[in-house]
Structures are given as C-alpha cells and as structure tokens.
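# Chains, contacts and geometry: an overview
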Amino acid sequence: MRASLIQLSVDASESADERRRRAASLVRGRKGDDLVVLPELWTAGAWAYDRWGADCEAVDGPTAEAMSAAAREAGAWLHAGSIVERDPDGTLYNTALLFDPAGELRGHYRKIHRYGFDTGEATMMGGGEDVVTVPTDFGVVGLAICYDLRFPELFRALLDAGAELIVVPAAWPAARLEHWRLLTRTRALEEQVFLLACCATGKHGGMQQGGHSAIVDPWGTVLAEARTAEQEETVTADLDMTEVARIRTELPVLRDRVLDLARS
C-alpha cells in the first residue's frame, strides 16, 4: 500500500477556512494513494492557544465536512490530523479523525497525554480515555497524537489491540527535533509496526514546528523523511504490510514479554 504524509505549513498568515481549502486541495491531489495523513491541530494551530476558542468545532464540523469530501475525491483513507473539538458539554479535546475512501468517519481519538506542564493544552483541554484502533483495507491502524510518543504504555496498548500500523500527527517543536527522530523509530521498532509520523512546519504561537515527517518500518528503518522543518512537502513510501507478520516471526520479541503491568 502507498502512504503519504502532507507536512502542511501552519502559521498565522492563513485563517482556518483558508487552510481547510488548501489542505483539501492537497489531499485531492493524492489520488492513487491508499492512506494520506495530515498534522496535528493544523486548522487552529497547536501553539496558538488564543485561537482555540474561535476555531474549535464538533467532530462533524467544517473540517470533518471538508476532509470527508477530500477523502472521497481522492479515493483514499485519510487521517485528517487532529482538530480542536468542542464537546457538547463545552470541554475542548485534541481529537484525531480517520475517514475511509467513501468519506465516512471510521474512527476518532481524543489525545490522552496533554502537553504543557500546567499550561496550554494541559489546562485548556480535557484528556481522552480510550485506546483507539480502526480496521482498514490494509491492516489495523492505531491512533496517537504528538506528545503521546513519550508514553510507551499507550503504544503497547495499541499493539495489544491489534495495531499493525500507527499514525501520529504532530506539531513537534523544532528545538526537540532529535527527540522526535529517536522516538518515532523507537516506537516502530519496539511494537514492530509501521509508524507514520506527520509533523507540521511553519511558525505560530511563537513556536517553530519541527517538520521532518517520517515513515518508519517495523525494523525501525526510516523509509522516507521530509528534508527540513521549514518547507511544506509531501513524504511518500510504499509499504508491504506483510512485513509486520514476517518481522514478528523472524524476531519474536513480542512473544517473549514477561511483565504486563497494565494487567497485573
């Protein structure tokens, strides 16, 4: 299967509506791909806290409507990154959306680990509680978002839920780029999954995004990576999903697990 990460530029020069239209056009241009991925909070900006109240929406709001149509026109599965979701009770969530090639919303995930250390997301948003996987035409897809990368227990839970491929939209800071590179490879290697990590580029809320979106295979090998933190670009790779089972058989690390703290 062919996967593409659209390393979208997210900055204050565009409104959310303008960026929706541009992102939809980029997705429509990926006809022939099986899976297309967008970054975290690309409509409002992950670091533009002052925009969240104005740009929040429901899971069936304007971003979902635009992305559903784009997925249908591209004929591809679309991980539409994440939105600032407003629950009917008023709580905000950082919520990822996954659409099938017919434009149907097949899964959504509320980010469990909120970044900010008592500021920003950590204080302004609620935390998700559910580990989410979605069966697709090419395998079981696990959902995580950005800061989640620092918490291996979530990725082990996704593995136990059947994940063969994990998608991680992000707005990772450029200042910690080496952490991004290390953690994306580590999570793919330890769970023996394909990992698709799509990070925004651009600068907003005073924060330069890290870019360097990457597609990593179950050996921890980077199959494709964006070249910079400054440039908007699309990263594409062909994935042989049978490699997941082959590698898990050839190096049966997962079989040799002893400690299972979550169940003890």
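As annotated in an unreviewed UniProt entry, the protein is Carbon-nitrogen family hydrolase from Streptomyces osmaniensis. Quoted verbatim from the Sequence similarities (unreviewed entry) field of UniProt, the annotation for the protein is "Belongs to the carbon-nitrogen hydrolase superfamily. NIT1/NIT2 family."

## Comments concerning the sheet that holds strand 12 (residues 214-216)
Read from one edge to the other, the open sheet built from six strands follows the order 6-7-8-9-12-13, with strand pairing classed as mixed. Strand pairing shows two members of the sheet lacking a second neighbour, strand 6 (133-136) and strand 13 (222-225), which therefore form its edges. With direction set aside, neighbouring strand axes in the sheet form an average angle of 20°. One ladder, built from four bridges, connects strand 6 with strand 7 (residues 139-143); its direction is antiparallel.

## Considering helix 5 (residues 152-160)
Of the residues making up helix 5, those classed as buried are Leu154, Phe155, Leu158 and Leu159. In a view along the axis of helix 5, the buried residues occupy a sector of 145°, so they form one face of it. Directly after helix 5, the chain includes Gly162, whose backbone phi takes a positive value near 105°.

## Describing unusual backbone geometry
Look at Cys146: it is not a glycine, yet its phi comes out positive at around 40°. For Cys146, a relative accessible area of 7% gives the class buried.

## Things to note about the sheet that holds strand 5 (residues 105-110)
By definition, the strands of a sheet pair up through backbone hydrogen bonds, in either a parallel or an antiparallel sense. Strand order in this open sheet of six strands is 5-4-3-2-1-14, and the pairing throughout is mixed. Each end of this open sheet is capped by a strand with a single partner; those strands are strand 5 and strand 14 (233-238). Each strand of the sheet is rotated relative to its neighbour by a mean of 25°, with strand direction disregarded. Across seven bridges, strand 3 (residues 77-86) lies against strand 4 (residues 92-99) in antiparallel orientation. In the sheet register, Arg86 faces strand 4, and the bridge partner there is Leu92. This element, helix 3 (residues 62-74), spans strand 3 and strand 4 of the sheet and lies at about 15° to strand 4.

Definitions and cut-offs
Residues numbered from 1 in each chain as written. Predicted model: local features only at pLDDT ≥ 70, side-chain atom pairs only at ≥ 80, totals over all residues. Heavy atoms only, no water. UniProt positions renumbered as here; feature names shortened; annotations may be inferred. Pairing = 2+ DSSP bridges. Helix = DSSP H or I, 4+ residues; strand = E, 2+ residues; numbered from the N terminus. Axes fitted to C-alpha atoms, helices over the stretch in contact; angles between N-to-C directions. Buried < 20%, exposed > 50% of the residue type's maximum accessible area, 1.4 Å probe, protein only. Arc of directions from axis to C-beta. Contact = heavy atoms within 4.5 Å.

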